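The residues making up each chain are set out below.
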Amino acid sequence: MTERTYIEAIRDALDYEMRRDDRVFLLGEDIGAYGGAFKLTAGMQDEFGTERVLDTPLSEAAIVGAAIGAAYMGMRPVAEMQFIDFITCCFQMITNFAAKSHWRWGAAVPIVIRGPAGGGVGGGPFHSQNVEAYFHHTPGLKIVMPATAADAKGLLIAAIRDPNPVLFLEHKFLYRHIKGEVPDGEHVVELGTAAVAREGTDLSVVTYGAMVHRACAVAQQLRDADGVSVEVIDLRTLKPVDYDTVYASVRKTNKVIVLHEDQLTGGIGGEIAARIGEDVFEWLDGPVVRMGAADTPVPYAHPLEHAFQPNEDRLREACRKLLAY
Amino acid sequence: MKRYKAYDPPEYVSWELDPEELERFDATLAADPARKAVIDALDNDALLGLYTALVRARLHDVHLKRWVKNGVITKAWLATGEEAVTVGSTLALDRRGPDGDVVGPMIRNASACLEMGIPLEQMFGAYLAVDTTPCRGRDIHIGDLAHGVIAPVSHVGSLMPVMVGCALGFKMKREPRVAMTWVGDGASKNGEFHEGANFAAALGLPVVTFIQNNQVALGTPTSQHNKGAFPAFADAYGMPGAVVDGNNVLDVYAASKLAVDRARAGDGPTLLVAETFRMGGHATHDEREARELFAPDVFAAWGKRDPVGVFEAWLMERGVPSSTLSTLEGEVDAALEAAAATALSGRASAQPDPGDLLEGIYA
């Protein structure tokens, strides 16, 4: 075990898989000599060469298209979106070419598309978005978003080895804000498995990404102030969702808030809430509550972004209201 | 070759050789010494192979039109008049299968699938939506990696970056293989095409691309949606380019062979522009509208340039007996007839199982 930041854990996963499997290569904008916008790949081109750490033109559709074609020919490409916001430029390649390929004609597309997502860093409307809802609707994709350094490594390794197109969403606020013990060498966290980030008995908060940390902080505050016990479920994989773990928590606490940093309307929380309502209705002692960001673009100014995101105050009040229901 | 009153465009039904077209054909072959050397090296079998593939492309489409007319299928996307573009280019490839070259055909390049080795029965089966093709009735677009064919999506232009990716894989693995694809004049306006073309040039990848200018994008003539010169695209990306006569299978073949050889040698991509003409509709459902897009004399002029008829005349002028050609035509037609009959008779028993609907979402 080594203590690593979230970004170091991602880098560790890339290094490990690149050394283990020479089919694995990276492609993206400015990832080579420049080292990437977040310096995540700094120095990798020196070790692995200009082909396996491939600087591309500013062409997201070509980056993903090239990854798909290379994957058809036996490679294991890991494509970087410099900021995940730019993934909209290759929406068509992902949703139509990559996602449908195996179902449509039996050709697997083992690619990873990874990049920094999320806000809280003053990045504004085009460098802070959460894009999972755009893709959650599309059959054939897997979507992953780690909340911890250890999971960042283990999930990325699993994503690279998965035979399907995987969107790997890294929370840029967590890159250098959190650190944790990360297993050295081989470390795989199976896709499609949620984790109990904090155990509790009175209410469940089902969430992912940076919101896991916010939910755990609120859970501690409520323990200290009100003596209540809040469980926090970290989904880790957003598609397919590990509903078994979600439902087990709901059966235990009987009250649930589905929380995400993405905008509320049309966010994946709506799908999760609907399924809870259909499948474990008898276990509920209150409404399934959703909490997400305001239905606006991500604002640039700090006070606006603070108001936009689900913050600790709002979550704490929502928990208290549901606990009192 | 035999003409089909019910299925061929009227210019083909009444087709007779215009000697000027044969002169044009020969003049094209003589115009470029490098291409001429490629053509001069072709032996009789190779020439007859090109003829056979051209006839196969034409008759494959005739069979589909017959199915449309008889109500077996509702529509088909055909290559009538454009067959030489696909045939001449595909036959310049290494078609050995999973370790050979790869193609990314549009649906109008169906003969690329045929010539890469996808069985005729599967090609017909894809239209019939049966479970016994690689697409299993889930899609009409067929592909099979075992034959080096990447299945397209309907978003034309998207194949370009994917074929560039295949070429990237070849380069990284040091495999002397080539990727080939085609875009229409319409798809050449698509961002993915441009991204892919620049990516190929910037990285020097072994991909050969055709802009197949059939003078019309569905229902809009090229002159309305394009003001630039297609041959200038290659220079703009920084890769070699050339124009070919898309109705002259030998010219297409020679230019393709030169480009494929360059790519295989590690000398990067080529962008070829094939000028041709769509003698039918976007698909079988809009042939009337398609006829109204151009003046009758445009159809008449391109009709004289039937890529099968003129090549047939050229072969006969070189001494190939017409009986040899009609024997080949008969063999091709019989094989297509048998495959179509087998596919059709097996349709009822090969229906996809609704119970399998969710199978294969993930690999």
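Nothing here was measured: the structure is a model prediction, and the numbers come from that model.

Caption draft 1: How the structure looks around the overall build of chain A. Each helix and strand counted, chain A has 11 helices and 14 strands in total. In summary, chain A has a C-alpha radius of gyration of 19 Å against a globular reference of 20 Å for 325 residues, a match within 12%. Across the 325 residues that make up chain A, the buried fraction comes to 62%. In chain A, the share of contacts with a sequence separation of at least 24, taken over all contacts with a separation of at least 6, comes to 82%. Of the accessible surface of chain A, which amounts to about 11700 Å², a share of 53% is contributed by carbon and sulfur atoms. The averaged location of the 44 negative side-chain charges in chain A is 1 Å from the averaged location of its 31 positive side-chain charges.

Caption draft 2: Molecular detail of the sheet that holds strand S2 (residues 24-28) of chain A. Residue and element names in this part refer to chain A. Reading across the sheet, the 7 strands line up as S3-S2-S4-S5-S7-S6-S12 and stay open at both edges, with mixed pairing between neighbours. The outermost strands of the open sheet, each flanked by one partner alone, are strand S3 (53-55) and strand S12 (237-239). Taken pair by pair, the neighbouring strands of this sheet meet at an average axis angle of 20°, ignoring direction. The pairing of strand S6 (residues 142-144) with S12 spans 2 bridges and is classified as antiparallel. Paired with Val-144 across the two strands is Thr-237, which belongs to S12. Against the sheet, helix H6 (residues 149-161) engages S2, strand S4 (76-80), strand S5 (112-117), S6, strand S7 (166-171) and S12, with an angle of about 160° to S7.

Caption draft 3: Broad picture of the pairing of strand S11 (residues 230-234) of chain A. Residues and elements named next belong to chain A. In terms of burial, S11 is largely enclosed, as 5 of its 5 residues are buried. By the alternation rule, side chains of S11 split into Val-230, Val-232 and Asp-234 and Glu-231 and Ile-233, which are all buried. The sheet contact formed by strand S10 (residues 203-207) and S11 spans 5 bridges and is parallel. Paired with Leu-203 across the strands is Val-230, a residue of S11. Each parallel crossover has a hand, and the one from S10 via helix H7 (residues 211-226) to S11 is right-handed.

Caption draft 4: Broad picture of helix H14 (residues 296-304) of chain B. All names here are of chain B. Burial in H14 covers these residues: Phe-299, Trp-302 and Gly-303. End-on view of H14: buried residues confined to an arc of 105°, all on one side of the axis. Buried residues in H14 make contact with helix H1 (10-13), strand S7 (270-275) and helix H13 (287-292).

Caption draft 5: Expanded view of the packing of helix H5 (residues 83-90) of chain B against helix H12 (residues 249-264) of chain B. Residue and element names in this part refer to chain B. Contact geometry of H5 with H12 gives a least axis separation of 7 Å together with a crossing angle of 40°. Relative to H12, the element H5 lies oblique. For the pair H5 and H12, the crossing hand works out as right-handed. For the pair H5 and H12, contact is made by Ala-84, Val-85, Val-87, Gly-88 and Ser-89 and by Val-249, Val-252, Tyr-253 and Ser-256, respectively. Here the contact of H5 with H12 is composed, by residue class, of 6 nonpolar, 3 polar and no charged.

Caption draft 6: Expanded view of the packing of helix H3 (residues 60-72) of chain A against helix H9 (residues 191-203) of chain B. For the pair H3 of chain A and H9 of chain B, interaxial distance at closest approach is 8 Å and the crossing angle is 70°. It follows that H3 of chain A is roughly perpendicular to H9 of chain B by the angle criterion. Each of Glu-60, Ala-61, Ala-62, Ile-63 and Ala-66 of chain A in H3 of chain A lies in contact with H9 of chain B, whose residues at this interface are Glu-192, Glu-195, Gly-196 and Phe-199 of chain B. Along the lines of polarity and charge, the residues of the contact of H3 of chain A with H9 of chain B split into 5 nonpolar, 1 polar and 3 charged.

Caption draft 7: Molecular detail of unusual backbone geometry. All names here are of chain A. Looking along the chain, the bond that leaves Lys-239 and enters Pro-240 is cis, with omega of -5°. Relative to the helices and strands, Pro-240 resides in the loop between S12 and helix H8 (243-253). Unusually for a residue other than glycine, Arg-236 sits at a positive phi of about 65°. Relative to the elements of secondary structure, Arg-236 occurs in the loop between S11 and S12.

Caption draft 8: View of the environment of Ile-10 of chain A. Residues and elements named next belong to chain A. Along the polypeptide, Ile-10 turns up in helix H1 (residues 6-20). Between the C-alpha atom of Ile-10 and that of Ala-150, which follows or precedes it by 140 residues, the distance is 9.0 Å. Not counting chain neighbours up to four residues away, the residues in contact with Ile-10 comprise Leu-40, Arg-114, Ala-152, Leu-156, Glu-170 and Tyr-175.

Caption draft 9: Expanded view of the packing of aromatic side chains. Summed over all chains, the structure comprises 17 aromatic pairs over all chains. A connected cluster of aromatic rings, assembled from ring pairs, spans Tyr-6, Phe-38, Phe-83, Phe-86 and Tyr-175 of chain A. Over the ring of Tyr-16 of chain A we find Lys-153 of chain A; its NZ or CZ atom is 5.5 Å from the centre of that ring. The lysine or arginine in question, Arg-291 of chain B, covers the ring of Phe-299 of chain B, its NZ or CZ lying 3.9 Å from the ring centre.

Caption draft 10: Structural view of the sheet that holds S11 of chain A. All names here are of chain A. Reading across from one edge, S9-S11-S10-S13-S14 is the order of the 5 strands in this open sheet, with mixed pairing throughout. Across the chains shown, the open sheet's two edge strands, defined by having one partner strand only, are strand S9 (195-198) and strand S14 (289-293). Adjacent strand axes in the sheet meet at a mean angle of 25°, parallel and antiparallel pairs treated alike. Sheet analysis places S9 next to S11, joined by 3 bridges and oriented antiparallel. What sits directly across from Val-196, in S11, is Ile-233. Strands in contact with H7 are S9, S10, S11 and strand S13 (256-263); relative to S11, the strand with the most contacts, it is inclined by about 170°. The sheet contacts of helix H11 (residues 312-323) involve S10, S13 and S14, and relative to S13 the element is tilted by about 155°.

Caption draft 11: Main features of the pattern of salt bridges. Scanning the entire structure with this criterion turns up 46 salt bridges over all chains. Linking Asp-261 of chain B and Lys-257 of chain B is a salt bridge whose minimum nitrogen-to-oxygen distance equals 3.0 Å. Residue Asp-261 of chain B and its partner Lys-257 of chain B are located together in helix H12, separated by 4 residues, close to a single helical turn. Asp-261 of chain B sits in the partly exposed class, given a relative accessible area of 35%. Residues joined by salt bridges that share partners form a network here, namely Glu-17, Arg-20, Asp-21, Arg-23, Arg-161 and Glu-186 of chain A.

Caption draft 12: Local environment of the pairing of S10 of chain A. Residue and element names in this part refer to chain A. Most of S10 sits inside the fold, with 5 of its 5 residues counted as buried. Neither face of S10 is open: one carries Leu-203, Val-205 and Thr-207, the other Ser-204 and Val-206, and all of them are buried. Relative to S13, S10 is paired through 3 bridges, and the arrangement is parallel. Of the residues in S13, the one forming a bridge with Val-205 is Ile-257.

Caption draft 13: Seen up close, H1 of chain A. Across its 15 residues, H1 of chain A extends 21 Å between first and last C-alpha, which sits within 8% of the 21 Å expected from 1.5 Å per residue. Buried within H1 of chain A are the following residues: Tyr-6, Ile-7, Ala-9, Ile-10, Asp-12, Ala-13, Leu-14, Asp-15, Glu-17 and Met-18 of chain A.

Caption draft 14: Representation of the domain arrangement of chain A within the structure. Residue and element names in this part refer to chain A. By domain assignment, chain A separates into domain 1 (2-182) and domain 2 (195-323). In this structure, domain 1 and domain 2 have C-alpha centres spaced 26 Å apart. Residue-level contacts link 29 residues of domain 1 with 24 residues of domain 2. Here domain 1 packs against domain 2, burying approximately 2100 Å² in sum over the two surfaces, 58% of which is carbon and sulfur. The tally of links from domain 1 across to domain 2 stands at 1 salt bridge. Linking Arg-236 and Asp-151 is a salt bridge whose minimum nitrogen-to-oxygen distance equals 3.1 Å. Inspection of the domain 1/domain 2 interface yields 13 residue pairs in polar contact (both at pLDDT 80 or more). Broken down by secondary-structure element, the contributors of at least two residues to the side of domain 1 that touches domain 2 are helix H5 (132-136), S6, H6 and S7. At 4 residues, the largest contribution of residues to the side of domain 1 that touches domain 2 is made by H5. Of the residues assigned to the side of domain 1 that touches domain 2, the class counts are 15 nonpolar, 11 polar and 3 charged.

Each value, and the rule that gives it
- Residues numbered from 1 in each chain as written.
- Chains lettered and ligands numbered in written order.
- Predicted model: local features only at pLDDT ≥ 70, side-chain atom pairs only at ≥ 80, totals over all residues.
- Heavy atoms only, no water.
- Helix = DSSP H or I, 4+ residues; strand = E, 2+ residues; numbered from the N terminus.
- Rg over C-alpha atoms; globule rule 2.2 N^0.38 Å.
- Buried < 20%, exposed > 50% of the residue type's maximum accessible area, 1.4 Å probe, protein only.
- Contact = heavy atoms within 4.5 Å.
- Areas by Shrake-Rupley, 256 points an atom, 1.4 Å probe, with all protein chains shown as cover.
- Lys, Arg positive; Asp, Glu negative; His and termini not counted.
- Charge placed at Lys NZ, Arg CZ, Asp CG, Glu CD.
- Pairing = 2+ DSSP bridges.
- Axes fitted to C-alpha atoms, helices over the stretch in contact; angles between N-to-C directions.
- Right-handed = clockwise from strand over helix to strand, strands pointing away.
- Arc of directions from axis to C-beta.
- Parallel < 35°, antiparallel > 145°, perpendicular 65-115°, else oblique.
- Left-handed = near helix turned anticlockwise from the far one by under 90°.
- Nonpolar A, V, L, I, M, F, W, Y, C, P; charged D, E, K, R; others polar.
- Phe/Tyr/Trp six-rings, centres within 6.5 Å; stacked < 30°, edge-to-face > 60°.
- Lys NZ or Arg CZ within 6 Å of the ring centre and 35° of its normal.
- Salt bridge = Lys/Arg side-chain N within 4 Å of Asp/Glu carboxyl O.
- Expected span 1.5 Å × (residues − 1).
- Domains from an automatic or database assignment.
- Buried area = accessible area lost by both parts, 1.4 Å probe.
- Polar contact = N/O pair within 3.5 Å; in protein donor to acceptor, adjacent residues only side chain to side chain.

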